[in-house]
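# Reading the structure
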Amino acid sequence: SVLVKLPLIGSSVCGFFQVLLVFAKEDSQSSGFCWACERANFRVTVARTPESALHSFLEKHHDLIIIDHRHSRNFDAEALCRYRTPPPAYVTLTKPLWPDREEATVMPLLSAGFNRRYVENPNVMACYNELIQLHHGEIRSQIKLRACNAIFTALEQSQDAIEISSEDQLIQYVNPAYESVMGYQQGELMAKENVEVPKSEKNKPDLLESINNCIRKGKEWQGLYYAKKKNGDSVQQNVKITPVIGQGGDLQLCVCVCVCVCVSSSDIQSSKHKDRRKGSLDVRSTTSRGSDGSSQRRHSSMARIHSMTIEAPITKVINIINAAQESSPMPVAEALDRVLEILRTTELYSPQLGTKDEDPHTNDLVGGLMTDGLRRLSGNEYIFSTKHPHHLPSHLTTPLSLNDIPPRVAQTMENEDSWDFDIFSLEAATMKRPLTYLGLKIFSRFGVCEFLSCPEATLRSWLQVIEANYHSSNSYHNSTHAADVLHATAYFLCKERVKQSLDPIDEVAALIAATVHDVDHPGRTNSFLCNAGSELAILYNDTAVLESHHAALAFQLSTRDDKCNIFKNMERNEYRSLRQAIIDMVLATEMTKHFEHVNKFVNSINKPLAALEENGGILMVPENRILVKRMLIKCADISNPCRPLELCIEWAGRISEEYFAQTDEEKRQGLPVVMPVFDRNTCSIPKSQISFIDYFITDMFDAWDAFADLPNLMQHLDNNFKYWKGLDERKLHTLRPPPE
């Protein structure tokens, strides 16, 4: 026979399986096992003597040892097996019996430590089958048993109180931490049979029933629970109960991990003179007391994180809430648990998308503006080619000057400092080049050339290059929109509280960011570009695709030619600060972070201001200046609903046409339709405006108005909303009512 023994410490836990063959000489049987091991991808070692076998095992700790027992004159297989006991499986190889001889008992082999006898058969498949059966049988079971030993060692050392009970709630096991927390001597509970889990009267009957129902269904239960100590006191614990399902799907055991979240009055009295860490403990690191009354702390990575001096504000908030839970009644503690769940999410400022009434217009706007595409692949992908930056037409190579502005254009811009300024009149007067003319006047008014130390001719060239790279074919995202955003930005910068909050570098950054924020916009949303597999989407990893492109291209256009490099004469560090501020503001126009920016502004700016009579110390910190600039450009970018009604109507028509064109393109190219309601044949423009105002505009401008004091904008917003509501109530889908 071949004798098998399974080692207690094997290599299979490391991902491979090792076999030791002990054969005095090579023959067909040893070759059969070698070939079988190779076929099964097992590692094999061959030993010819007992000494080499022991040396090899001590070095590698094989999972399976096969000993040739056919020729006792070579070595004593049973003596070799008894010499060392750790292997999980020993196999002895024996000769086949003669037909007239009676089968011998295997008891001497089992007594020697062998697990299995293999009757000589050099067939490779027979050897292979034997190895596979051993691996899936005895060896795998032994590995699981070894793991159980390790698990119970970990349970014994754990500082969390752990209890294992049967389905009848009889204690099967508790670890020392459980006995310590519950006031028992070490081994006291384990020495008794049929001890029922102690129950506290403080738990409501419906809570116990809820736990039992959950466990009977095979589901975990986690929450706050009162446990009863040996002295009769109740202690509140954060408990996680996990059912263990046995064969046939029946409940066998329940594993309960308990962490104390508040202590009983007797504990407080007994430990009031001890040095204790103030505040609560994280639910993953608890304190247990040994029989000598000394405190032992669980030294986990989480505990080390909480002790770091570099502590995030959210960590401080969580620790404060944990501390409040200690002395809170159960309903409050449970509510705080839900608060902690929310705080541990990554999207703290972003609401769950969707609306209460499932309005399709709002859902489509959310899907189209606040996601980076549906990520569905199409067999017919629309690829945007990489376009070279536009060069100036020949008739624009000579830079304009404020002195060169035609009278009609100058007259149109006379009231450019008013919110009711008509950008469309300027668009007509400048033959769709409003950005250059308005930019010259606004930049001059804010002293941008002086700040940048650049000649006016350089600024004029820069404005012309930037405007040339806006697509005049777009109905909405063209240079007129950029000029409109620039105008709104300049208007906001003149508001008293905004001026108090920002430095000159912030003002210049805001004006430049407004000018370039949509440069080279293709007239399609980020979602469209991602679904179409465009080169820009690939370049920017489907993340803030357009906004990243606008910012990058703006600096490429600015720095490629000294004639239009407005940053050329800046000191390096000041340029880097300005560049970073411009990029941050352009990226802030991406709608996926809309609610995050608005909520941060409300919580960091609006609320502290409301609580203080003077605002000097709050606004000038760098973090708050960044929030103000982001909010400023966001409001400027989507301020159309706050413009006078005629301007609002024109902008609504233009953005709708651009969305209609995108839907048409998606259908032609076989791409997912991102905003199905923007079908030119069925869309209700009033409904789309109502949804946009409700979901994106109202809260944001309420917050901005509270900061910057913009009563005229809020009046326009109210009037425009009523206008769209009136059209919708009349079931009109157009921009204007029909003539009487």
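The rules behind each value
- Note on numbering: residues in each chain are counted from 1, in written sequence order.
- Only residues with pLDDT of at least 70 get local features here, since the model is predicted, and only at 80 or more are side-chain atom pairs given and counted; chain-wide, interface and lining totals rely on the full set of residues.
- Where side-chain values are given, they derive from all heavy atoms of the structure, hydrogens and water being excluded.
- UniProt positions are given in the numbering used here, feature names are shortened, and annotations may be inferred rather than shown by experiment.
- Strands here mean DSSP runs of E at least two residues long; helices mean DSSP runs of H or I at least four residues long; both are numbered from the N terminus.
- To sort residues, take the accessible area from a 1.4 Å probe on protein chains only and compare it with the maximum for the residue type: under 20% means buried, over 50% means exposed, and anything in between is partly exposed.
- Contact between two residues is taken to exist if any of their heavy atoms lie within 4.5 Å; hydrogens are not considered.
- The Shrake-Rupley method, run with a 1.4 Å probe sphere, supplies the accessible areas, and residue values consider only the shown protein chains as cover.
- For this analysis, a polar contact is any N or O atom pair within 3.5 Å, provided that within protein one partner can donate a hydrogen and the other can accept it, and provided that sequence-adjacent residues contribute only side-chain to side-chain pairs.
- A helix is expected to reach a length of 1.5 Å times the quantity of its residues less one.
- What is meant by a nonpolar core is a set of buried Ala, Val, Leu, Ile, Met, Phe, Trp, Tyr and Cys residues, joined one to another through side-chain atoms within 4.5 Å.

In the nomenclature of an unreviewed UniProt entry, the chain is known as Phosphodiesterase of Pygocentrus nattereri. Taken verbatim from the UniProt record of the chain, the Sequence similarities (unreviewed entry) comment is "Belongs to the cyclic nucleotide phosphodiesterase family. PDE8 subfamily."

## Re the overall build of the chain
Across its full length, the chain carries 30 helices and 13 strands. Relative to its 740 residues, the chain shows a buried fraction of 50%. Pairs at least 24 apart in sequence give 72% of the contacts found in the chain among residues at least 6 apart. Carbon together with sulfur atoms contributes 52% to the accessible area of the chain, which is approximately 36,700 Å² in total.

## Here's the deal with the UniProt feature "binding site: AMP" (unreviewed entry) in the chain
The sites that UniProt annotates as "binding site: AMP" (unreviewed entry) are H477, N478, S479, T480, H481, D518, D637 and Q689. With respect to the helices and strands, H477 occurs in the loop between α17 (456-468) and α18 (479-493). In contact with H477, not counting residues within four places along its chain, are H471, D518, H521, I655 and E658. Examined against the element boundaries, N478 turns out to sit in the loop between α17 and α18. There is a polar contact of 3.4 Å between the side chain of N478 and the backbone oxygen of S475.

## Topic: helix α30 (residues 711-729)
Helix length check: α30, at 19 residues, gives a terminal C-alpha distance of 27 Å against a target of 27 Å (1.5 Å per residue), a fit within 8%. Considered for burial, the residues of α30 that qualify are L713, M714, H716, L717, N720, Y723, W724, L727 and D728. Summarising the contacts, the buried residues of α30 are in contact with α18, α28 (645-669) and α29 (685-708). Phi turns positive one or two residues past the end of α30, at K731, with a value near 60 degrees.

## Points about the nonpolar core
Judged by nonpolar contacts, the single largest core of 113 residues is most densely connected at F492 and W704. The greatest single-element share of this core, amounting to 13 residues, is contributed by α29. Ignoring any residue separated from it by four or fewer positions in sequence, one finds F492 in contact with W419, V498, L632, C635, A636, F701, W704, L710 and L713. Among the nonpolar cores identified, the runner-up in size contains 16 residues, and V19, A36, A40 and F42 belong to it.

## Structural notes on unusual backbone geometry
For N541, which is not glycine, the phi torsion reads 55 degrees and is therefore positive. By secondary structure assignment, the location of N541 is in the loop between α22 (535-539) and α23 (545-559). Positioned with a positive phi, D709 is a non-glycine residue whose angle comes to about 65 degrees. Note on D709: relative accessible area 51%, which makes it exposed.

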